[in-house]
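Single-letter residue listing:
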Amino acid sequence: MDAPRGIGTFVVWDYVVFAGMLLISAAIGIYYAFAGGGQQTSKDFLMGGRRMTAVPVALSLTASFMSAVTVLGTPSEVYRFGAIFSIFAITYFFVVVISAEVFLPVFYKLGITSTYEYLELRFNKCVRLCGTVLFIVQTILYTGIVIYAPALALNQVTGFDLWGAVVATGVVCTFYCTLGGLKAVIWTDVFQVGIMVAGFASVIIQATVIQGGINTIVNDCYNGGRLNFWNFDPNPLQRHTFWTIIIGGTFTWTSIYGVNQSQVQRYISCKSRFQAKMSLYINLLGLWAILVCSVLCGLALYSRYRDCDPWTAKKVSAPDQLMPYLVLDILQDLPGLPGLFVACAYSGTLSTVSSSINALAAVTVEDLIKPHFRSLSERSLSWISQGMSVLFGALCIGMAALASLMGALLQAALSIFGMVGGPLLGLFALGILVPFANSIGALVGLMAGFAVSLWVGIGAQLYPPLPERTMPLSLETYGCNSTYNMTNWVTTTEMPFSTSAFQIHNAERTPLMDNWYSLSYLYFSTLGTLVTVFMGMLISLPTGSRKRLELGLCPTEKPDRVRNQLVPS
């Protein structure tokens with residue numbers, strides 16, 4: 001194996017490949033704007049007219065789950081912490097089964113557009129409003145980060161124009177979401193999954209060739225301690241162990257697959273309940289395929305840089321940039337392939353952003369506009385939905401601009417909004433699984449779950465867990481043919497995780513920090529869900545389950561016959 005040369009740069013062909021990906025995405029939008037009579041009703045626009053089949057929906061679910069954060073983040077995660085990340089394969093199985101067997105039947109049977117309509121049917125308007133507002137804020141913030149983070153990482157390594165990329169992706173996304181509605185979102189996702197797999201495949205194949213076969217890669221990783229699949233430490237403070245990934249991961253992802261509007265909206269748009277369930281199970285295969293690809297890329301990263309870590313050697317400034325660095329290193333003689341990889345990362349972004357925009361439009365129209373303006377015709381609702389898509393598209397680009405200013409703060413915002421998912425999942429679980437829960441219980445549970453999640457989450461941002469909790473593996477730089485010899489590599493590997501601007505350094509470590517705030521980030525969601533369900537049950541019992549609650553500000557509980565439809569018997 002020759003020593004790594006200087007890395008390549010972007011050439012014209014790379015830009016051509018990237019632009020091609022954007023153009024095809026836009027073309028799909030234009031096609032669905034006019035195909036089949038266009039978007040006549042808001043249902044056509046937001047739900048694809050409920051005529052979708054399982055396979056495209058499955059691929060679309062896979063694509064939007066897999067943002068550029070996965071393309072750039074998972075390989076560097078494997079590179080730094082080892083392949084234990086692949087235990088998520090089991091987690092995904094549980095998540096899909098729970099979503100398909102518990103949540104899907106309820107949502108599908110009610111024929112709703114917004115998942116938050118369920119909250120009003122089951123509890124009351126207040127609970128629905130809480131859910132809707134949390135979702136809108138969470139999604140806009142998240143989408144801003146999803147647009148900005150990969151643009152930054154790719155820009156710093158490849159010199160790919162930062163704002164050009166942010167604005168181009170934002171505009172193209174908004175364009176096809178507005179013109180083609182959910183159908184366009186689903187079919188562009190199908191195309192983008194293809195691009196993602198191609199991008200991953202090109203990296204894996206070329207890395208295998210350069211490193212001299214898959215055996216070499218596996219041996220390097222084995223010797224470097226990267227094949228740490230089995231860690232059965234039950235301690236909830238360790239960042240990734242078998243248990244944190246299975247239990248914490250299941251709660252975290254179920255809050256996305258089971259109740260998050262962007263995902264639910266897609267599988268509810270299927271023709272029949274059978275197609276909807278199939279779409280979830282087929283999507284499981286997609287999740288596994290992508291997990292395998294990203295773990296293999298991480299192992300290839302380690303094999304390539306096992307004796308010269310670009311991050312410690314200051315060749316890249318953040319772990320996210322390792323993947324683009326590898327691409328320019330090994331694909332530099334093949335014009336167009338680095339562009340394919342960048343297109344792969346951005347396909348992740350586009351698919352996530354487009355589903356967010358469509359979901360935001362759906363929630364706004366269904367939860368905030370329809371209830372107050374009952375006289376609107378379907379045609380005008382369809383126009384309003386399109387207007388909302390444009391508005392939210394612009395907002396998300398604006399959020400990306402904000403993200404650039406508040407870089408470090410954003411990391412915090414992201415994990416804080418990861419915490420919204422837990423309590424929301426708890427709220428739906430309470431409605432579906434606990435027959436005697438009532439609206440007072442639901443609201444108190446939601447507040448309690450949210451408070452606990454925020455407390456742990458913000459604490460973990462301010463006082464990041466110690467390296468013995470996160471367990472980074474060692475990275476070496478003795479093989480770098482650089483002038484200075486890095487003897488102090490141990491100190492540099494233990495960089496703290498959160499890049500929070502307001503970390504409190506060298507504070508006295510209290511037991512609160514070492515135990516409560518060091519909780520594995522995967523358990524934040526679990527904690528939120530469990531607190532919400534527990535408090536909701538506790539409060540619902542004394543306040544009377546079926547008794548009518550006359551509350552001035554919220555309409556009363558539903559009569560029993562409606563309620564019995566909403567709780568699976």
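Residues numbered from 1 in each chain as written. Predicted model: local features only at pLDDT ≥ 70, side-chain atom pairs only at ≥ 80, totals over all residues. Heavy atoms only, no water.

Chemist: Help me understand helix α7 (residues 125-158) in this model?
Modeler: For an α-helix the count is 3.6 residues per turn, leaving residues at separations of three or four pointing the same way. Compared with an ideal rise of 1.5 Å per residue, which puts 34 residues at 50 Å, α7 spans 50 Å between its outermost C-alpha atoms and is within 8% of the ideal. Note on α7: the residue one or two positions beyond its end, G159, has a positive phi of about 70°. (Helix = DSSP H or I, 4+ residues; strand = E, 2+ residues; numbered from the N terminus. Expected span 1.5 Å × (residues − 1).)

Chemist: Please clarify how the state of the cysteines should be interpreted in this entry.
Modeler: What the rule picks out here adds up to one disulfide. Paired by a disulfide, C308 and C480 hold their sulfur atoms 2.0 Å apart. Every disulfide takes its handedness from the sign of the S-S torsion; for C308 and C480 that torsion is 100°, giving right-handed. Of the two residues, C308 sits in the loop between α12 (273-304) and α13 (322-330) while C480 sits in the loop between α18 (467-470) and α19 (489-493), which places them 172 residues apart along the sequence. By the burial criterion, C308 is buried, and C480 matches it. (Disulfide = S-S within 2.5 Å. Buried < 20%, exposed > 50% of the residue type's maximum accessible area, 1.4 Å probe, protein only.)

Chemist: Just to check I follow, could you spell out the nonpolar core for this structure?
Modeler: Within soluble globular proteins, side chains that are nonpolar tend to cluster in buried spots. Counting 147 residues, the largest nonpolar core has V203 and Y346 as the members making the most contacts within it. Among the elements that take part in this core, helix α8 (residues 162-211) stands out by supplying 18 residues, more than any other. Not counting chain neighbours up to four residues away, the residues in contact with V203 comprise C297, M323, L326, V327, I330, L331 and F341. V452, A460, Y523 and F524 belong to the second largest nonpolar core, which has eleven residues in total. (Core = buried A, V, L, I, M, F, W, Y, C linked by side-chain atoms within 4.5 Å. Contact = heavy atoms within 4.5 Å.)

Chemist: Teacher, can you tell me more about unusual backbone geometry here?
Modeler: Trans is the common state for peptide bonds, and a negative phi is the common state for residues other than glycine. The phi dihedral of K314 falls on the positive side, at around 65°, and the residue is not glycine. Along the chain, K314 turns up in the loop between α12 and α13. The class for K314 is exposed, based on a relative accessible area of 61%.

Chemist: Please clarify how the pattern of salt bridges should be interpreted in this entry.
Modeler: Side chains carrying opposite charge are able to pair once their charged atoms draw close together. Applying the stated criterion across every chain yields a total of ten salt bridges. Among the ionic pairs, E120 bridges to K125, the shortest N-O distance being 3.4 Å. Among the residues examined, E120 registers a relative accessible area of 17% and is labelled buried. Look at K125 and you get partly exposed, because its relative accessible area is 40%. For R304, the salt bridge goes to D329, with nearest N and O atoms at 3.0 Å. Residue R304 is located in helix α12, and its partner D329 is located in helix α13; the two are separated by 25 residues in the primary sequence. Grouping residues by exposure puts R304 and D329 together as buried. Through salt bridges with shared partners, one network takes in E120, K125, R128 and D367. (Salt bridge = Lys/Arg side-chain N within 4 Å of Asp/Glu carboxyl O.)

Chemist: How should I be thinking about the packing of α7 against helix α14 (residues 337-369) in this particular structure?
Modeler: Relative placement of two packed helices is described by the angle separating their axes and the distance separating the axes. One can describe the packing of α7 onto α14 by two numbers: an axis separation of 10 Å at closest approach and a directional angle of 160°. On the basis of their axis angle, the class for α7 and α14 is roughly antiparallel. Two packed elements cross with a definite hand, and for α7 against α14 that hand is left-handed. (Axes fitted to C-alpha atoms, helices over the stretch in contact; angles between N-to-C directions. Parallel < 35°, antiparallel > 145°, perpendicular 65-115°, else oblique. Left-handed = near helix turned anticlockwise from the far one by under 90°.)

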